[in-house]
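Descriptive structure summary
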Amino acid sequence: MDYKQQVGVQSHVEQMGSVEDRSMDDLDDECLHSPGTDARKTQASDSNRQIPFSDKKLPLSDGFPIVGNKMTRNRIYRSIKTVVFSNKLNLLMPFGPLAILVHKLTASNGWVFFLSLLGITPLAERLGYATEQLAFFTGPTVGGLLNATFGNATELIISIYALKSGMIRVVQLSLLGSILSNMLLVLGCAFFCGGLVYHRKEQVFNKATAVVNSGLLLMAVMGLLFPAVLHYTHTERRVGKSELSLSRYSSCIMLVAYAAYLFFQLRSQNDHYSPINEEGSPHGDNSDNDEDEAPEISKWESMIWLTILTAWISILSDYLVDTIQGASEAWDLSIAFISVILLPIIGNAAEHASAIMFSMKDKLDISLGVAIGSSTQISMFGIPFCVVIGWIMGQEMDLNFQLFETATLFITVIVVAFFLQEGTSNYFKGLMLILCYLIVAASFFVHEDPTSTDQKKQPQT
């Protein structure tokens, strides 16, 4: 009996052992197909291939370096495809190199100027696109300032090259034209397009922001008005010097005021560019509208593209400035009309695209920040900055923009301030602003600038 029990227990133990062996085998088979085991096997195989059995290390034919290079190439290709080949306006990009080629082969200044204008147009728009992509990573307030800053980069680059060449009058007129274009044409198009999309309601924006910007624009008009009045009333204590001294002093004051405005906007009023509801109060819950919005390129890609586009615009701006006088003679157009109307329309392509796009998405505060913010930045930073840069270069640029131009700016600021005082917009207001810009354009078309470029041109030092 004891023997039988012993034999039974032994056979039972053997069966349990065989079951455990089978279960362990099954477990090993399952583990062989688990992701962790696959990863360990891959690492083990890679490490085995890297063991230096000889002086040469075996290359990782399917390893990380080649995969990383391939991913980098794909990323670069995707970035170029997104930025360069995703917009039909970029079909104008070849006109930039063509302008340089025509300048080298011929002496046709009119064609070089025209081709340079066409070549800069898509670059200015793409500059705005790269800025918008970068704004995804910075927030609405800094994003609005970035749009205004890089939107004006084209005008500032052209102005610096013109200032370097001593073409002070071109600098004054192009900066003035940029302010007029942003306040009337860009803002008018934004109001008009947004009003057509949302024609059943009035779009609203932050009235406090509009009041602050209108006040800064009036301050800029004051800075431009007094040197002109001083000149035309012949009341200078030191003839030919008091006007320039007043301009430089006022420019420094305006730069301080703009720096204080930036501090006020970034630190104290962070919701200036936040969308607001119909009651006029800011709201930050915008997830429904922004669900389908995501950056198409990364932050570093945006910064690299901004650098590339700015450099290419600088090259074309040099050719543009060199041929503006010849284009004026070839086309029988005054330099005033070319500088005030044609150059800003090309340079403000980024503002046009940004302001219209945001207004059609019912984000009128950002459109206002781009259009009016850009005008404020040019008047309170761009113009004084060029005066100071000219001071450093030895160029006597002042704030006397002549009587006709100063009066045009003053009336424009008053008109736009009236349109903004209610804090609402519709397509009719936009149409009125566009028609006002057409009146300004016609005025400069028939206006002959009393101070020609040759008279204002200073010798290079």
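Residues numbered from 1 in each chain as written. Predicted model: local features only at pLDDT ≥ 70, side-chain atom pairs only at ≥ 80, totals over all residues. Heavy atoms only, no water.

**Examining a nonpolar patch on the surface**
Taken together, the side chains of Leu 196, Tyr 427, Phe 428, Leu 431, Leu 435 and Leu 438 define a hydrophobic patch exposed on the protein surface, amounting to about 550 Å² of accessible area. Per-element accounting of the nonpolar patch gives the leading share, five residues, to helix α18 (residues 427-446). Along the chain, Leu 196 turns up in helix α8 (residues 168-197). Residue classification places Leu 196 among the partly exposed positions, given a relative accessible area of 44%. (Patch = residues over 30% accessible without salt bridge, like charges linked within 9 Å, V, L, I, M, F, W, Y side chains within 5 Å. Areas by Shrake-Rupley, 256 points an atom, 1.4 Å probe, with all protein chains shown as cover. Salt bridge = Lys/Arg side-chain N within 4 Å of Asp/Glu carboxyl O. Helix = DSSP H or I, 4+ residues; strand = E, 2+ residues; numbered from the N terminus. Buried < 20%, exposed > 50% of the residue type's maximum accessible area, 1.4 Å probe, protein only.)

**Observations concerning the nonpolar core**
With 97 residues, the main nonpolar core has Leu 187, Leu 420 and Phe 444 as its most contacted residues. Other than its neighbours up to four places away in sequence, Leu 187 contacts Asn 182, Leu 368, Ala 371, Ile 372, Val 416, Leu 420 and Leu 433. (Core = buried A, V, L, I, M, F, W, Y, C linked by side-chain atoms within 4.5 Å. Contact = heavy atoms within 4.5 Å.)

**What about the packing of aromatic side chains?**
All told, the structure shown has nine aromatic pairs when counted by the stated rule. Ring geometry for Trp 111 versus Phe 114: centroids 6.1 Å apart, planes at 80 degrees, classification edge-to-face. Placement of the pair is Trp 111 and Phe 114 together in helix α5 (residues 109-135), with a separation of three residues, close to one helical turn. The exposure class assigned to Trp 111 is exposed, which follows from its relative accessible area of 53%. Taken together, Trp 111, Phe 113, Phe 114 and Trp 331 form an aromatic cluster joined through their ring pairs. Note that Arg 126 overlies the ring of Tyr 129, its terminal NZ or CZ placed 4.2 Å from the centroid. (Phe/Tyr/Trp six-rings, centres within 6.5 Å; stacked < 30°, edge-to-face > 60°. Lys NZ or Arg CZ within 6 Å of the ring centre and 35° of its normal.)

**Some points on unusual backbone geometry**
The backbone phi angle of Asp 332 is positive, close to 60 degrees, even though this residue is not glycine. With respect to the secondary-structure elements, Asp 332 resides in the loop between α13 (324-331) and α14 (335-347). Judged by relative accessible area, Asp 332 falls into the exposed class, the value being 69%. Backbone geometry places Asp 362, a non-glycine residue, at a positive phi of 60 degrees. If you trace the backbone, Asp 362 turns up in the loop between α15 (349-360) and α16 (364-393).

**Brief notes about the pattern of salt bridges**
Across all of its chains, the model carries five salt bridges by this definition. The salt bridge partner of Glu 405 is Arg 169, with a shortest N-O separation of 3.1 Å. A residue pair is termed long-range when its members are at least 10 positions apart, and Glu 405 in helix α17 (residues 403-420) and Arg 169 in helix α8 qualify at 236 residues. The same class applies to Glu 405 as to Arg 169, namely buried.

**Description of the packing of helix α7 (residues 153-164) against helix α12 (residues 299-322)**
Closest axis-to-axis distance for the α7/α12 pair is 9 Å, and the angle between their directions is 45 degrees. Here α7 lies oblique to α12, going by the angle between them. Considering the relative orientation of α7 and α12, their crossing is right-handed. Packed against α7, whose contacting residues are Thr 154, Ile 157, Ile 158, Tyr 161 and Ala 162, the element α12 presents Thr 310, Ile 313, Ser 314, Ser 317, Asp 318, Leu 320 and Val 321 at the interface. Among the residues forming the contact of α7 with α12, the class breakdown is seven nonpolar, four polar and one charged. (Axes fitted to C-alpha atoms, helices over the stretch in contact; angles between N-to-C directions. Parallel < 35°, antiparallel > 145°, perpendicular 65-115°, else oblique. Left-handed = near helix turned anticlockwise from the far one by under 90°. Nonpolar A, V, L, I, M, F, W, Y, C, P; charged D, E, K, R; others polar.)

**Considering the environment of Thr 138**
Locating Thr 138 in the fold gives a position in the loop between α5 and α6 (140-151). Residue class for Thr 138 comes out partly exposed when judged on its relative accessible area of 32%. A sequence separation of 161 residues divides Thr 138 from Lys 299, and the C-alpha atoms of the two residues are 9.5 Å apart. Not counting chain neighbours up to four residues away, the residues in contact with Thr 138 comprise Gly 143 and Leu 146.

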